[in-house]
Amino acid sequence: MATLILPGEWIKNWEKSGKHEFVQLCKELTEKTDHGNETKDIQAALYEVCSQVVQGNLKIDLVSAVLGEMMELRDDLPSILADVFCILDLETGALEEKNKRDYYTHLVGACLSFVPEAILKERLDPETLESLGLIKQAHQFNQKIVKIKTKLFYKQQKFNLLREENEGYAKLITELGQDLSGNITSTLVLESIKSLIGCFNLDPNRVLDIILEVYESRSEQDEFFLSLIKSYMCEPITLCHILGFKFKFYQEPNEETPKSLYHIAAALLNHKLIELEDLYVHLMPVDGTIVEEHKREISEAKQIARKLVTVVLPSEKSEDKEKEKEKEEEKNEKPPDNQKLGLLEALLRIGDWHHAQSIMDQMPSFYATSHKTIALALCQLVHLTVEPLYRRAGVPKGAKGCALQPLKNKRAPQPTESFEDLRKDTFSMLCYLGPHLSHDPILFAKIVRLGKSFMKEYQTDGRPEVKDKMEILLSCFLSIADQVLLPSLSLMECNACMSEELWGLFKLFPYQHRYRLYGQWKNETYSGHPLLVKVKAQTVERARYIMKRLTKENIKQSGRQIGKLSHSNPTILFDYMLSQIQWYDNLIVPVVDSLKYLTSLNYDVLAYCIIEALANPEKEKMKHDDTTLSLWLQSLASLCGAVFRKYPIELAGLLQYVTNQLKAGKSFDLLILKEVVQKMAGIEITDEMTSEQLEAMTGGEQLKAEGGYFGQIRNTKKSSQRLKDALLDHELALPLCLLMAQQRNGVVFLEGGEKHLKLVGHLYDQCHDTLVQFGGFLASNLSTEDYIKRVPSIDVLCNQFHTPHDAAFFLSRPMYAHQILSKYEELKKAEKGNRQQQKVTKYVAACEQVMTPVHEAVMSLHPARVWDDLRPQFYATFWSLTMYDLAVPHAAYEREVNKLKVQIKAIEENSEIPLNKKKKEKERCTALQEKLQEEEKKQMEHVQRVLHRLKLEKDSWLLTKSTKNETITKFLQLCLFPRCIFSSIDAVYCARFVELVHQQKTPNFCTLLCYDRVFSAIIYTVASCTENESHRYGRFLCCMLETVTRWHSNRAVYEKECVNYPGFLTIFRAAGFDGGNKADQLDYENFRHVVHKWHYMLTKASVHCLETGDYTHIRNILIVLTKILPCYPKVLNLGQALECRVHKICLEEKDKRPDLYALAMGYSGRLKSQKVHMVPENEFHHKDQPARSATPASQQNGPGSTGKPAANTSKTEEGGFEDGDRVKDKSQGTTKPVNKANSTTAKVTTSNGNGALNSTKAVKDDKEKSGKEKKEKKEKTPGSTPETKAENRREKQRDERAGKEERLLREGKEKTPKADREKVKLDEKSGKDDKAKAGNGEPVEPARDAVKESKNKEKGDRNAATATLKSPNPRSDSAESERDHKRRKLDSHSSPSHSSSVKPQFLKVRDQGRSLLLDRPLPPSSSSSTDFLLLSDNLLPPPTPSQLICHLHSSLQDSSNELKDPATKDHGVNDREASQESKRRKDENGTNSSKNSQSASPSCDSPLTPEKEKTKRSKSSSKEKAESVKAERTSSGGKKESRHEKSEKKEKRDSAGGKEEKKQSRLTSTDNVH
């Protein structure tokens, strides 16, 4: 206790108040009883007062009076005061100030009256006593003390030892050795001993020694001898010395301390006759030696471990053997016993746990119990402690146990009666045992069974008052499992029973607790003990031995060895095995097969080890190139799938790991989930499905399992049930789905970061594929109630959980099917009716009930304007149906049934199979066959019901409040494109759905426009796809092309499936479709022209992608081309163009990008094999040859002519492409402006493939600009002939006149009303054309001239496009910027006809992600006739079939001949076309003028005047004459024309294209109003 300090006020005011306060304090201290501490407090108070006197602060007489008064408070107060004087004596004696010493002696002298002299003589120095007058001389006093001490301690008393008095000691031994079974007690014997000591004058210590010797020989008589010793001796220290001498005797080398000596020492300690601290110092070895020995053992164990895991050379082996021999020689000289351990064992045997615990605390952890005898003694003590509780709660039913006799020692730990009692001593005893519980497997089993019993009680007892106690006990059992049970299992020699027993306890823990225990066991337990260090090294060495020899042939033998090794040390074994599998994936199959001898605990540990290996932060999950996942991750994922399917391992931990990784924004580990679902549920995800597999996937579950996957995965019922249970029990089904759906975009925008685009695409595909696979598993395995309970409604999924729409419908689709089916069954039961019609009606009613809330829910997914064209019912129907609902795969069912029949036949013919097995296999195949047939029948009925439902719904699907084109845009954007790249089945579904909508004769659905939009611009879609999406998109295009090819190949099929269908109307009247007018329909030959246009567009897009040089573009287009190879290319010249480009890719990428090279080579080979099926263009569609042609035959079919020998094909193609490049370079003035104008015009259209929908003014501006560019180019063109100069002058004058007239027109426009202004414009236009023709010396005929100019322009466009298509060089930046400038100019000068409805649609559609099809260049084949075909809202009166055919034929013929010399044309066709155009304008103005007066282009409002008609007729004959003269000149002198003349003519033809374009814009601008 701290020194008591008296306040300074007491000293200053001692006489007034200090004295009284001090006395009061002393009284309080004397009254306090605090286990001896009160003496110290009083001493401190007295010391403070006396020291104040010595320092002169208080008067001696005042203090001595107070001290005298206080002597009455306690009897021992004089002694306490004497102690204080003793301390002050020492302090003042050392001081130099004499006055303080004087104060001290005066104070002691004043106190002599109440402090006895004897006490002062004991405590004070002789010099002080002399100064006080208590002794005469200090010197004499010292001498007297020495004499007394010598007499007391050093003078030998006259006692007889054993050799001096034989008779006395003999009688003593006889007395102690007599039979003690009678009435002899220790009291009687003690009296006899006293008599003998007195009679024979025996040495008392020697007598005590003899008593201990006899007790040692008769150790069973504990009670007698202990009471005798207790009565005989008076001081414990003497007994300790005698025992110490006995132990010291045995401390020599090769001496062994007898157990009886340990026993009596333990008994004396237990009865507290001696103290452990007193005896412990007499025992050997010292504690320091024990610590050093323990460290040495650990270092030796680690050294052994290092040797086991390292390669040792032969020379080193011999050295190691010599060292081991030396160590063995040293060990032969046995060291003395460890007496501390011997005493510890004796203490444990008699049950003295507390003294034993004290000894073990002095040693390193587990050092004592590492000695088997001590471990067994402690185990026995635990046995006795837990016996009553084990008998009550731990014994299994039917088990018989041998009862244990309790210890007689009343001081031993009390037996436990409840689980709470275990906390007193049992748990601490087990913790001291640690891994050495392995010495007693029976006790191990008892503890485990007690744990199981407790866990059952813990799980059932829900009382709140005992909850805290139970939690504490649970943590205690977990600690025991961590520190005792698992380490002990490591030291047991392959005890499978103990492993299973332990699993009985562990399976009651949550997997989080178990995995934590396994982690401690694997990473920390083995490093703390020498034995465990050795065991770990031996396990690794053995595992290495087994894995080196593991093959498919010796799986059984190796599996047994692995099993034995895993029973004790599974974590070490599996860690090594997994490390090998990560390096060598070919080990997966034999390893998985060899794990069949594992215990349940080992399987659980394996799951933990796999998760730990996956989560290893030191391993990179990507390869060094950062483009693909690491092989180790792929190997582990594959192992996961195989192991979890084959063996009953709990999946919760692995699933939670994947969920946590997704939550953290990491999608690498989805590969694991993908493998697990694939192996356990038999659901395979691959985009490389064959057509047969894809067909099988459209059937029922049985057909999918039999024919839908590459690997026939059988017997997945149990494993899929386990996976389902794990997902439902831990509520992971929906979170995994939502996280995967969200992570798809997270891969790109959050996780992508700096990752390579190829890796990002791979991760996106992996995430998407796993979502599809996992969703398919849930749909096929969860019950209706489970699924509906867990999946929220579609609007909650999309709006609240931000799930993408395609994924949300994918998850909801099975729910709708379940609900409709259950509602249908409910309605069937309610009304008994078996007629088919009644069933269909009930099905439709069930669909309405289930889907009506869905129709309302989807309204919130998109803006309100979307529903102006698409009804929510149509949207929900599209997204809720599957291929199972649309068609029955009869061929797939028949194929699988035939396979089973063949299988049955093979079984019957095989004589080697035993009869019983033969019978089982036949029964299985027959049952499977019946299931398939029943499933087919069920699907047929279902499809009939669905088709009937769609027939009833179709009329209200499409409202088309804006335009048909806009409707198709929304359908493509919101339905078709998102779903066609979702999965392979969905790709087929989308194509079949379009066909079905067409076949159902759905109102307002333009099939032609839909197909045109799909085929015309695939560049953007292909460029934005990942690799797997490209496979799906290619499959979708292939299915679409299959339908088109079927219609194209047979007129009868076309007329049956397309004629009189609203989807093939070329004109839509406001009143709707009546189907009666054939002029509204697209006939067969014109359809073939359109199909050729689509093939051309596909070729153009493919070549563009191949020439970009971009990895993604090239890879994706090659994948798509491979997928559509059965249906495209069918035209020889297009196929040759593709072949050339792909060959170029092969050459370029051979050493740069091997994966692209492999793709290109594969496609190239397959393309060559398809060449035999390709046809020339004139066979693909009917094509009229020109009347006069100066073009060689070899150039008539575009690239890759069929007129030349096959050997020269590639050379011709290359030459053609080079020529195209040269033409492009030399005639920039003609080619570039036209291209720019075309692309700019196309970008302001409504994305329906039409080429001329911009305003008149825009076209004029464009023409003016292109004319200026042509002029500049002409000036640069070499050529000095008179003809060339005259032609240049004429061109210049014509351009000046045109510019002047346009300025006048603009000035007059500002002052003229709108209608008049348009009339003036039309008149000026015709006048200007006439002047231009007159200036060139040609007869003027506006209509025919316009048609001719159109054709010339188209030819120029095609030449330009061909040059672009052939040229591998990208366009220059200047051309790009000029095109952008023109686009901005056109956008800002759009005509009034577009301002109200069309322009907002442009902006709207431009913002729609992937379905953006507006900004594509105008295809060369998009001539006026084709544009007319594909207008969705044309309100003009229909042409006659002959007119339409001529119109189509002439334009599409031009579009197919890209490389022809456009010098000559068929003028008869042009005349007819021109007259038809004018007639149609007349009719239109006559019939529809009232309807279109507000919105149509003003240029089409005024009919042609009679004067103009006259002019037209009069000029036609002169025009024909001029044409014939010109043709003769061309044909006769074609070879002699100079290069400059040719380029001049080409420029003339191209310049005429602008006029035709302007005319086309006037003709078609009325069509975009609605």
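## Structural notes on the overall build of the protein
Next, step 1: Along the backbone of the protein there are 73 helices and 0 strands.
Next, step 2: Looking at the 1570 residues of the protein, the share that counts as buried comes to 54%.
Next, step 3: Once local pairs closer than 6 in sequence are excluded, the contacts in the protein between residues at least 24 apart make up 78%.
Next, step 4: With an accessible surface of roughly 73000 Å², the protein has 52% of that area assigned to carbon and sulfur atoms.

## What about the pattern of salt bridges?
Next, step 1: Using the criterion set out here, one finds 45 salt bridges in the structure.
Next, step 2: Glutamate 387 serves as the salt-bridge partner of lysine 446, at 3.4 Å between the closest nitrogen and oxygen. With lysine 446 in helix H23 (residues 441–460) and glutamate 387 in helix H21 (residues 372–394), the pair connects residues that are 59 residues apart, well separated along the chain.
Next, step 3: Classification of lysine 446 by relative accessible area gives buried; the value is 7%.

## Focus: the nonpolar core
Next, step 1: Among the nonpolar cores identified, the biggest contains 317 residues, and Leu343, Phe506, Phe971, Tyr1033 and Phe1036 are the most heavily contacted of them.
Next, step 2: Per-element accounting of this core gives the leading share, 12 residues, to helix H24 (residues 467–491).
Next, step 3: Contacts of phenylalanine 971, omitting those with residues within four sequence positions, involve Leu870, Phe874, Phe878, Leu976, Phe993, Val994, Phe1005 and Cys1010.

## Details of the packing of aromatic side chains
Next, step 1: Counted by the stated rule, this structure contains 48 aromatic pairs.
Next, step 2: Here tryptophan 14 and phenylalanine 22 contribute two aromatic rings whose centre-to-centre distance is 5.8 Å and whose plane-to-plane angle is 45°, an arrangement assigned as tilted. Here the two residues tryptophan 14 and phenylalanine 22 agree in accessibility, since each one is buried.
Next, step 3: Look at tryptophan 1047 and phenylalanine 1064: their rings are 5.4 Å apart centre to centre, the planes differ by 80°, and that puts the pair in the edge-to-face class. Taken as a pair, tryptophan 1047 in helix H52 (residues 1027–1049) and phenylalanine 1064 in the loop between helix H53 (1051–1057) and helix H54 (1084–1107) lie far apart in primary sequence, 17 residues in all. Neither tryptophan 1047 nor phenylalanine 1064 differs from the other in exposure class; each is buried.
Next, step 4: Among the aromatic side chains, those forming a connected cluster through ring pairs are Phe809, Trp867, Phe874, Tyr875, Phe878, Trp879, Trp957, Phe971, Tyr989, Phe993 and Phe1005.
Next, step 5: Its end group placed over the ring of tyrosine 843, arginine 945 keeps NZ or CZ at 5.3 Å from the ring centre.
Next, step 6: Lying over the aromatic face of tyrosine 1061, lysine 1001 brings its terminal NZ or CZ to 4.8 Å of the ring centre.

## Observations concerning the packing of helix H12 (residues 204–217) against helix H13 (residues 222–232)
Next, step 1: Relative orientation of the contacting elements H12 and H13 amounts to 170°, with a least axis distance of 10 Å. With respect to H13, the axis of H12 lies roughly antiparallel. Across the interface between the two elements, Pro204, Asn205, Val207, Leu208, Ile211, Leu212, Val214 and Tyr215 of H12 pack against Asp222, Phe225, Leu226, Leu228, Ile229 and Tyr232 of H13.
Next, step 2: For the contact of H12 with H13, the class distribution of residues is 12 nonpolar, 1 polar and 1 charged.

## A closer look at the packing of H21 against H23
Next, step 1: Put simply, H21 and H23 touch, their axes get as near as 10 Å, and they point 40° apart. Judged by the inter-axis angle, H21 sits oblique to H23. The two elements H21 and H23 meet at a crossing, and its hand is left-handed. Taking contact as the criterion, the partners of Cys379, Val382, His383, Val386, Glu387, Leu389, Tyr390, Ala393 and Gly394 in H21 are, on H23, Ile442, Leu443, Lys446, Arg449, Leu450 and Ser453.
Next, step 2: Considered class by class, the residues forming the contact of H21 with H23 number 9 nonpolar, 3 polar and 3 charged.

## Looking at the environment of aspartate 278
Next, step 1: Mapped onto the elements, aspartate 278 comes out in helix H16 (residues 276–280).
Next, step 2: Since its relative accessible area comes to 29%, aspartate 278 is described here as partly exposed.
Next, step 3: Leaving out residues up to four positions away in the same chain, aspartate 278 has contacts with Ile237 and Cys240.

## Some words on the environment of asparagine 569
Next, step 1: By the element assignment, asparagine 569 lies in the loop between helix H28 (555–568) and helix H29 (570–583).
Next, step 2: Judged by relative accessible area, asparagine 569 falls into the buried class, the value being 5%.
Next, step 3: Filtering out sequence-adjacent residues up to four positions away, asparagine 569 remains in contact with Ser490, Tyr526, Val535 and Thr539.
Next, step 4: Among the polar contacts listed, one links the side chain of asparagine 569 to the backbone oxygen of serine 490, at a separation of 3.4 Å.

## As for the side chain of serine 453
Next, step 1: Along the chain, the position of serine 453 falls in helix H23.
Next, step 2: A relative accessible area of 17% means that serine 453 is categorised as buried.
Next, step 3: Not counting residues up to four positions away in its chain, the partners in contact with serine 453 are Ala393 and Phe419.

## Quick word on the environment of glutamate 831
Next, step 1: Structurally, glutamate 831 can be placed in the loop between helix H42 (805–830) and helix H43 (836–858).
Next, step 2: C-alpha of glutamate 831 to C-alpha of lysine 842: the two residues are 11 residues apart in sequence and 9.4 Å apart in space.

## Digging into the confidence of the model for the protein
Note that predicted coordinates carrying low pLDDT should not be read in detail.
Next, step 1: Residues with a pLDDT of 70 or more make up 70% of the protein, whose mean pLDDT is 75.
Next, step 2: Within the model, the stretch residues 1069–1076 combines pLDDT values under 50 with 9 contacts to residues more than four positions away or in other chains.
Next, step 3: Contacts from residues 1186–1284, a stretch scored under 50 in pLDDT, to residues over four places away or in other chains number 203 contacts.

## Some words on a positive patch on the surface
Next, step 1: Together, Arg542, Lys548, Arg549, Lys556, Arg560, Lys564 and Lys596 give the surface a local cluster of positive charge.
Next, step 2: Listing elements by their share of the positive patch, those giving two or more residues are helix H27 (530–549) and H28.
Next, step 3: Among the structural elements, lysine 548 can be located in helix H27.
Next, step 4: Here lysine 548 falls in the exposed class, since its relative accessible area comes to 62%.

## Remarks on helix H4 (residues 60–70)
Next, step 1: Residues Ile60, Val63, Ser64, Val66, Leu67 and Met70 constitute the buried set of H4. Down the axis of H4, the sector holding all buried residues measures 160°, keeping them to one side.

## With respect to unusual backbone geometry
Next, step 1: Residue proline 285 follows methionine 284 across a cis peptide bond; omega there is -5°.
Next, step 2: Of the consecutive residues tyrosine 1128 and proline 1129, the connecting peptide bond is found in the cis state with omega at 0°.
Next, step 3: Topologically, proline 1129 is positioned in the loop between helix H55 (1111–1123) and helix H56 (1132–1149).
Next, step 4: Phi at asparagine 1004 is positive, roughly 70°, even though this residue is not glycine.

## Examining a nonpolar patch on the surface
Next, step 1: Residues Ile148, Leu152, Phe153 and Tyr154 make up a contiguous nonpolar surface patch of about 550 Å² in total accessible area.
Next, step 2: Residue placement: leucine 152 occurs in helix H9 (residues 138–154).

## Considering the state of the cysteines
Among covalent bonds in proteins, the disulfide is the one between the sulfur atoms of two cysteines.
Next, step 1: On inspection of all chains with the given rule, the structure shows 0 disulfides.
Next, step 2: Left unpaired, cysteine 1010 is separated from the closest cysteine sulfur, that of cysteine 1006, by 8.5 Å.

Rules used throughout
Residues numbered from 1 in each chain as written. Predicted model: local features only at pLDDT ≥ 70, side-chain atom pairs only at ≥ 80, totals over all residues. Heavy atoms only, no water. Helix = DSSP H or I, 4+ residues; strand = E, 2+ residues; numbered from the N terminus. Buried < 20%, exposed > 50% of the residue type's maximum accessible area, 1.4 Å probe, protein only. Contact = heavy atoms within 4.5 Å. Areas by Shrake-Rupley, 256 points an atom, 1.4 Å probe, with all protein chains shown as cover. Salt bridge = Lys/Arg side-chain N within 4 Å of Asp/Glu carboxyl O. Core = buried A, V, L, I, M, F, W, Y, C linked by side-chain atoms within 4.5 Å. Phe/Tyr/Trp six-rings, centres within 6.5 Å; stacked < 30°, edge-to-face > 60°. Lys NZ or Arg CZ within 6 Å of the ring centre and 35° of its normal. Axes fitted to C-alpha atoms, helices over the stretch in contact; angles between N-to-C directions. Parallel < 35°, antiparallel > 145°, perpendicular 65-115°, else oblique. Nonpolar A, V, L, I, M, F, W, Y, C, P; charged D, E, K, R; others polar. Left-handed = near helix turned anticlockwise from the far one by under 90°. Polar contact = N/O pair within 3.5 Å; in protein donor to acceptor, adjacent residues only side chain to side chain. pLDDT = per-residue confidence, 0-100. Patch = residues over 30% accessible without salt bridge, like charges linked within 9 Å, V, L, I, M, F, W, Y side chains within 5 Å. Lys, Arg positive; Asp, Glu negative; His and termini not counted. Charge placed at Lys NZ, Arg CZ, Asp CG, Glu CD. Arc of directions from axis to C-beta. Disulfide = S-S within 2.5 Å.

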